[in-house]
Amino acid sequence: MTLGALSFASPLVLLGLLALPIIWWLLRLTPPRPRQEVFPPSRILEEIAKPEETPAQSPWWLTLLRLLLAGLVVLALSEPVWNADEAQLNGDGPILLVVDDGWTSGANWNERMNAAEQTLKEASAAGRPVALVFASELGQAELATASADSLSSRLSAARALPINTHWSALGERIASADVPEFATLVWLTGGLKAPGHDVLKQALEAKVTGQVFVTQPGETALAATAINNAPNAMEVAIVRADNDAPGAGQATAYDDKGQSIATAPFSFSGTATTASAQFELPVELRNEIVRVELDNQKTAGAVQLIDERFRRRRVGLISGGNADRAQPLLSPLYYISRALQPFSDVREPETDNSIEAVDELINERISTFILADIGQLPDETTRKLEDWVTKGGMLVRFAGPRLAAASDDRLVPVSLRRGGRSLGGTLTWGEAQPLSSFEDNSPFGGIPVPDDVSVTRQVLAEPDIDLASKTWASLQDGTPLVTASQQGQGWIVLFHVTADASWSNLPLSGAFVDMLRRIVAVSNGAVTVPGQGGTASESSTDAQTETASLAPWQVLNGEGRLGAPDSEARPLQIAPGTEVVVSRETPPGFYGTSDAHVAVNLFSKDTALTALTRDDLPQGGQFLNYQKTAATEFKPWLLALAFVLLAIDCLVVLWMAGALRTRRVLSSSTAGIAVAALATASILTFTMPQSAFAQDAAIDFESALKTRLAYVKTGDDRLDAISRKGLIGLTRFISTRTSLEPGEPIGVDIANDELAFYPLLYWPISSGVSVPPAETMARIDAFMKRGGSVLFDTRDQISGGFGGARVTVETQRLREILSSLDIPPLEPVPENHVLTRAFYLLNVFPGRYLDGRLWVEASTPTEDDADRPARPGDGVSSIMITSNDMAGAWAIEADGSPSLPIVPPNPTQRVYALRTGANIVMYTLTGNYKSDQVHIPALLERLGQ
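Residues numbered from 1 in each chain as written. Predicted model: local features only at pLDDT ≥ 70, side-chain atom pairs only at ≥ 80, totals over all residues. Heavy atoms only, no water.

Observations regarding the overall build of the protein
Quick note on the threshold: The secondary structure listing takes helices from DSSP runs of H or I that are at least 4 residues long and strands from runs of E that are at least 2 residues long, numbered from the N terminus. Only protein chains enter the accessibility calculation, which uses a 1.4 Å probe; a residue whose area is less than 20% of its type maximum is buried, one above 50% is exposed, and one in between is partly exposed. Contacts are assigned to residue pairs with any non-hydrogen atoms lying within 4.5 Å of each other. With residues, only the protein chains shown are counted as cover, and all accessible areas are computed by Shrake-Rupley using a 1.4 Å probe.
Helix and strand content of the protein: 21 helices and 40 strands. Counting the 945 residues in the protein, one finds 48% classified as buried. Restricting to contacts in the protein with at least 6 residues of sequence separation, those with at least 24 account for 75%. In the structure as shown, the protein presents an accessible area of about 46,800 Å², 53% of it carried by carbon and sulfur atoms.

Spelled out as structure tokens, the structure:
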């Protein structure tokens, strides 16, 4: 009997409800048991005069309780069932029950099991044999039929699996079954097609002759297919099969402790089958994400696991170039930062002080240091970097003029030859060299080598027995392009060319991006999982050269939950050129250890889902939907409630008989608990960070508003007085001969004063003054890299001079000072240098002395230098060295007379010394404007008009 969704297996038992009125009449006439009273005499006297009373009856509420108890027993015996399954199978003959237990089953596994149990019940009632097959059982024995009752235990032991099902093997298994034909097919699916569908369809059409029922969920599942950790957000790619899937949803990111970090919505536009959820979080939070799930999906396909390959690594950049070179296309770090940004978090220090910059980047926990043309670092900084590399850091260096001139062989993977090798010119060693193909055992293996990349200059490595093993990339002539060596747990990598396009056009190619991507991957220590997609690094050194076996650490179950692996899980084998295939033995999850592991996901970025249609069913097939709620039997619940009512009835009877009554003892509790709340207030004083200028009251802020020449205070009062008088004389000369009107010169304490106000520092060298400490020299190094220039004057030309055959005390002291600075190669001022025509036309640069040469930063010569009015360059030399005692020639007294005589005594020499000073000042202020040929075509065109 059925009443809507309620049905009764034994409806005749409901006739017992007709007996309830009789039970009510019997219970009403039943008096309660006598009560026992205490024997007070007054109580007996009270009962003597009592009027006649009617016989005692059961209370109405007790009668109602007992009637309800009897009614519940009758209803329970009638076996009521809510939402009972309707029989669908008819006829006779064997039944084929196919259960898809793949990744889609996790979302509705209970519904699939209910449908399978209902099929077995109907088959058992009809006495029909059943062949039960799961889609994951690809290598099982031949399919055979059995009684429905014997298959119940096998069905109850089944579970949802986090794998893709392949139907071709299932179709072959069904086609080879011993049973000639199946009368009925019941196919429990997830509503999606799988590989090998055509093979399975043909096998079913050949084996099934009767009813075909294909049961699917009302909504197809969604899948998360890829993770892209972009510069601004972590993007999760989501796909669906058709419009039957949810059109919108939410993704949640979790950390390694299972705590939710953030949520991100997603939605499909119209009939689109792809969508994206974006987690716009700081890099620090994004790097904490280990798992992203699609809410309300509960499948392994809705989960993307994240390992080191998917994290944006912090890469710190430090350049040895000057600030005036830091323009697009000219900056040493421009191409590096552009190449790293798609897959790394690029960090540049806020200061040019090398000591502070290294400390700042190390404190930011970067994984890779990139030094672009850094030749010399302070000893303390070098030791910090060596310790950082030993503990697992990746140090990448790019060559350049400074590195080519450096004599420090620390922090380089191979020994280098001093100077550089030029290619492709008339006076060079040969033609420009192209790149050689990358070896398979190199981290760059597999990267296509562009044909148009060539190298015109490089830093050469000294021949060594292990040079070949340290070479990651080379030119076609066999010379190294990239070398590397392992130091402790870290690596040191050297590009033998510059990071800009001055020595090679490699930074302009796509191969440069791929090479940096591979290097960052090595710094992570990530193991490659081929075929896993995403924006992760493609390989590591170990992963390319040998097979790795990683034990399962945590794996996903059918509902997409991480847990310990079961007994079926096997180690993951990673071999070059092979792809990881997810199976029952290697389910998706983390493989390795808690400290170092790789993520294996069910889907990659190219995955697409396809929904089952009627054309995909065997002939005569029809779709059914899983029931949202399973059949519910009320019998056990009704009997349990009847038992509870019976227990209540027994307690009421005992209470009415006085068995549960006790003497009530009245007591009063007058004790109270007083709670005192103490409020504490914390006063936070926020102190705004003071600028570097406000911290030193001695700084003259007028220097920021007016150009002033400055000299370095050496501590020698006589020498400092000459420097001051010399700059005063030069300032007056410049004010009368040029449009520049500098302010009063000033002496600076290089250890404490702000140097950024001054374009030029005059530094006289004295044998009696000690070398400044490393912190002070780091400030000078930062000043030079920010665009400032320092004119060192040894004042010893009469004794030998800088660059001469004899090394004077002053020259030796200058070498000690320069040893802690990152300076480029030097050369005497060439004939066509900008300094020779910055304001005056000069061919000599005298001071008090005549024969000393002026040394400047060496520039790379080109074949067309002879045709230029001035040598090309992209900035002002950060260092100039002379031995001619410039300040001594410029120095004047209060009345304008010279302070010191000229050697030899030639008045014209003093004039040329002042002109030299004017050219130096104009050069530091205006740069190489006279060698700029960019505007010549426009000027000529305008002149022609």
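Back to the write-up after that little detour.
So, the sheet that holds strand β18 (residues 394-398)
As a reminder of what qualifies: Paired strands, as defined in this entry, are two strands with at least two bridges between them according to DSSP. To get an axis, fit a line to the C-alpha atoms, keeping to the stretch in contact for a helix; angles then go from 0 to 180 degrees between the N-to-C directions.
Read from one edge to the other, the open sheet built from 7 strands follows the order β16-β15-β17-β18-β25-β24-β23, with strand pairing classed as mixed. Strand pairing shows two members of the sheet lacking a second neighbour, β16 (344-347) and β23 (471-474), which therefore form its edges. On average, each strand axis in the sheet is tilted by 15 degrees relative to the strand beside it, whichever way the strands run. Pairing geometry for strand β15 (residues 313-319) and strand β17 (residues 368-372), over 5 bridges, is parallel. Within β17, the position partnered with Ile318 by the bridge is Leu371.

Some points on helix α16 (residues 717-737)
Put simply, the test is: How far a helix is expected to stretch is found by multiplying one less than its residue total by 1.5 Å. Here a polar contact is taken to be a pair of N or O atoms separated by no more than 3.5 Å, where protein atoms must pair a possible hydrogen donor with a possible acceptor and residues adjacent in sequence count only if both atoms sit in side chains.
In this model, α16 (21 residues) spans 30 Å end to end at C-alpha, consistent with the 30 Å of a helix rising 1.5 Å per residue. Among the residues making up α16, those that are buried are Leu719, Asp720, Ile722, Ser723, Gly726, Leu727, Ile728, Gly729, Leu730, Thr731, Phe733 and Ile734. Buried residues belonging to α16 abut β34 (710-712), β36 (760-764), α19 (886-890) and α20 (907-926). Between a side-chain oxygen at the N-terminus of α16 and the backbone nitrogen of Arg718 the separation is 3.2 Å; the capping residue is Asp716.

Details of the sheet that holds strand β10 (residues 248-254)
Pairing is antiparallel across the open sheet formed by 4 strands, whose spatial order is β11-β10-β13-β14. A single partner strand is all that each edge strand has here, and the edge strands are β11 (260-267) and β14 (303-305). Adjacent strand axes in the sheet meet at a mean angle of 15 degrees, parallel and antiparallel pairs treated alike. Relative to strand β13 (residues 291-294), β10 is paired through 4 bridges, and the arrangement is antiparallel. Bridge pairing links Ala251 to Leu294 in β13.

Quick look at empty space enclosed by the protein
Keep this limit in mind: Of the grid points, spaced at 1 Å and generated over the protein atoms alone, those admitting a 1.4 Å probe that cannot get out make up cavities, while open sets with protein on both sides within 12 Å along at least five of seven lines make up pockets; any residue with an atom within 4 Å of a point is treated as lining. Grid points are joined across faces, edges and corners, and a volume is the space filled by probe spheres set on the points. Throughout, the ten residues Ala, Val, Leu, Ile, Met, Phe, Trp, Tyr, Cys and Pro are labelled nonpolar, Asp, Glu, Lys and Arg are labelled charged, and all others, Gly among them, are labelled polar.
Counted according to the given criterion, the structure contains 2 cavities of 30 Å³ or more. Reported here for the second largest cavity is a volume of approximately 60 Å³. Lining the second largest cavity, in full, are Ile374, Gly375, Gln376, Leu377, Thr382, Arg397, Asp408, Arg410 and Leu411. Residues belonging to the lining of the second largest cavity are distributed by class as follows: 3 nonpolar, 3 polar and 3 charged.

Here we look at the pairing of strand β40 (residues 879-882)
Taking every second residue as pointing to the same face, both faces of β40 are buried, with Ile879 and Ile881 on one and Met880 and Thr882 on the other. Sheet analysis places strand β37 (residues 789-793) next to β40, joined by 4 bridges and oriented parallel. Bridge assignment links Leu791 to a residue of β40, and that residue is Met880.

Describing the pairing of strand β30 (residues 589-592)
Alignment of strand β27 (residues 552-556) against β30, held across 3 bridges, turns out to be antiparallel. Of the residues in β30, the one forming a bridge with Val555 is Gly589. The pairing of β30 with strand β31 (residues 597-600) spans 4 bridges and is antiparallel. Following the sheet pairing, Gly589 is matched in β31 by Val600.

A closer look at the pattern of salt bridges
Condition: Between Lys or Arg on one side and Asp or Glu on the other, a salt bridge is scored when a side-chain nitrogen of the former is within 4 Å of a carboxyl oxygen of the latter.
The tally for this structure, following the rule as stated, stands at 24 salt bridges. With a closest N to O distance of 3.0 Å, Arg159 and Asp566 form a salt bridge. Highlighted residues: Arg159 in the loop between α5 (152-156) and α6 (167-175) and Asp566 in the loop between β28 (562-563) and β29 (572-574), separated in sequence by 407 residues. As a salt-bridge pair, Asp387 and Lys391 come within 3.2 Å of each other at their nearest N and O atoms. Judged by its relative accessible area of 38%, Asp387 falls in the partly exposed class.

As for the environment of Gly729
Take Gly729: it is sitting in helix α16. By relative accessible area, which is 7% here, Gly729 ends up buried. Gly729 sits 160 residues away from Ala889 along the chain, and the two C-alpha atoms are 8.9 Å apart. Discounting chain neighbours no more than four positions away, the residues touching Gly729 are Trp890, Ile892 and Leu914.

With respect to the nonpolar core
The condition is simple: Here, nonpolar core means buried Ala, Val, Leu, Ile, Met, Phe, Trp, Tyr and Cys residues that are tied together by side-chain atoms lying within 4.5 Å of each other.
If you look at the biggest cluster of nonpolar residues, it comprises 49 residues, and the most contacted ones within it are Ile336 and Phe495. Top contributing element to this core by residue count: helix α13 (residues 510-524), with 7 residues. In this structure, Phe495 is in contact with Val396, Arg397, Phe398, Ala399, Leu481, Val482, Leu506, Phe512, Met515, Leu516 and Ile519, ignoring residues within four places of it in sequence. Core analysis: the second largest hydrophobic core is formed by 33 residues, Leu727, Tyr762, Leu835 and Val876 among them.

Some words on the packing of α16 against α20
Threshold: In what follows, roughly perpendicular refers to angles from 65 to 115 degrees, roughly parallel to angles under 35, roughly antiparallel to angles over 145, and oblique to any angle outside these ranges.
Direction vectors running N to C along α16 and α20 enclose 80 degrees, while the axes themselves pass 10 Å from each other. Overall, the two elements α16 and α20 adopt an arrangement that is roughly perpendicular. Mapping the contact onto sequence places Gly729, Leu730, Phe733 and Ile734 in α16 and Leu914, Arg915, Gly917, Ala918, Val921 and Met922 in α20.

Focus on the confidence of the model for the protein
Heads up, the condition is: Along the chain, pLDDT gives the predictor's confidence residue by residue, from 0 to 100.
When pLDDT is averaged across the protein, the result is 80; 79% of the residues are at 70 or more. A low-confidence stretch, residues 424-428 (pLDDT under 50), is modelled with 9 contacts involving residues beyond four sequence positions or located in other chains. Predicted confidence for residues 533-545 stays below pLDDT 50, and this span has 39 contacts to residues more than four positions away or in other chains.

A look at the packing of helix α3 (residues 60-77) against helix α15 (residues 635-656)
Which entries qualify depends on this criterion: Should the near helix be turned anticlockwise from the far one by less than a right angle, the crossing is termed left-handed; should it be turned clockwise, right-handed.
Relative orientation of the contacting elements α3 and α15 amounts to 155 degrees, with a least axis distance of 9 Å. Judged on the interaxial angle alone, α15 and α3 are roughly antiparallel. The crossing of α3 and α15 is left-handed. Contact with α3, carried on its side by Trp61, Leu62, Leu65, Arg66, Leu68, Leu69, Leu72, Val73, Leu75 and Ala76, involves Lys635, Leu638, Leu639, Leu641, Ala642, Leu645, Leu646, Ile648, Asp649, Val652, Val653 and Met656 of α15 and no other residues of that element. Looking at the contact of α3 with α15 residue by residue, the classes come out as 19 nonpolar, no polar and 3 charged.

Thoughts on the side chain of Asp885
One can find Asp885 in the loop between β40 and α19. If sequence neighbours within four positions are ignored, Asp885 has contacts with Tyr762, Asp793, Arg795, Gly847, Arg848 and Tyr849.

Re the packing of aromatic side chains
Given two aromatic rings, one states the distance between the centres and the angle between the planes to describe the pair. What counts is decided by this rule: Aromatic pairs are defined between Phe, Tyr and Trp rings, using the six-membered ring for Trp, whenever the two ring centres lie within 6.5 Å; interplanar angles under 30 degrees are classed as stacked, those over 60 as edge-to-face, and all others as tilted. Each ring is checked for a lysine NZ or an arginine CZ that lies within 6 Å of its centre and within 35 degrees of its normal; such an atom marks a charge sitting over the ring.
Tallying each qualifying case throughout the model produces 17 aromatic pairs. Between the aromatic rings of Phe266 and Phe268, the centroid separation amounts to 6.2 Å while the plane-to-plane angle is 90 degrees, which identifies the pairing as edge-to-face. Using a relative accessible area of 5% as the deciding quantity, one classes Phe266 as buried. Judged by its relative accessible area of 9%, Phe268 is buried. Its end group placed over the ring of Tyr254, Arg291 keeps NZ or CZ at 4.5 Å from the ring centre. Over the ring of Tyr912 we find Arg915, and its NZ or CZ is 5.4 Å from the ring centre.

Considering the side chain of Thr731
Checked against the element boundaries, Thr731 lands in helix α16. For Thr731, the contacting residues outside a window of four places in its chain are Leu709, Pro742, Gly743 and Pro745.

Here we look at a nonpolar patch on the surface
Worth spelling out the cut-off: Patch rule: a residue counts if its relative accessible area is over 30% and it has no salt bridge; like charges are joined within 9 Å, and nonpolar side chains (Val, Leu, Ile, Met, Phe, Trp, Tyr) within 5 Å.
Together, Leu641, Phe643, Val644, Leu646 and Ile648 give the surface a local cluster of nonpolar side chains, amounting to about 460 Å² of exposed area. When you line up the elements, Val644 lands in helix α15. Of the residues examined, Val644 reaches a relative accessible area of 41% and is grouped as partly exposed.

Re the environment of Gly896
Inspection of the secondary structure assignment puts Gly896 in the loop between α19 and α20. Along the chain, Gly896 and Arg732 lie 164 residues apart, while their C-alpha atoms are 9.7 Å from each other.

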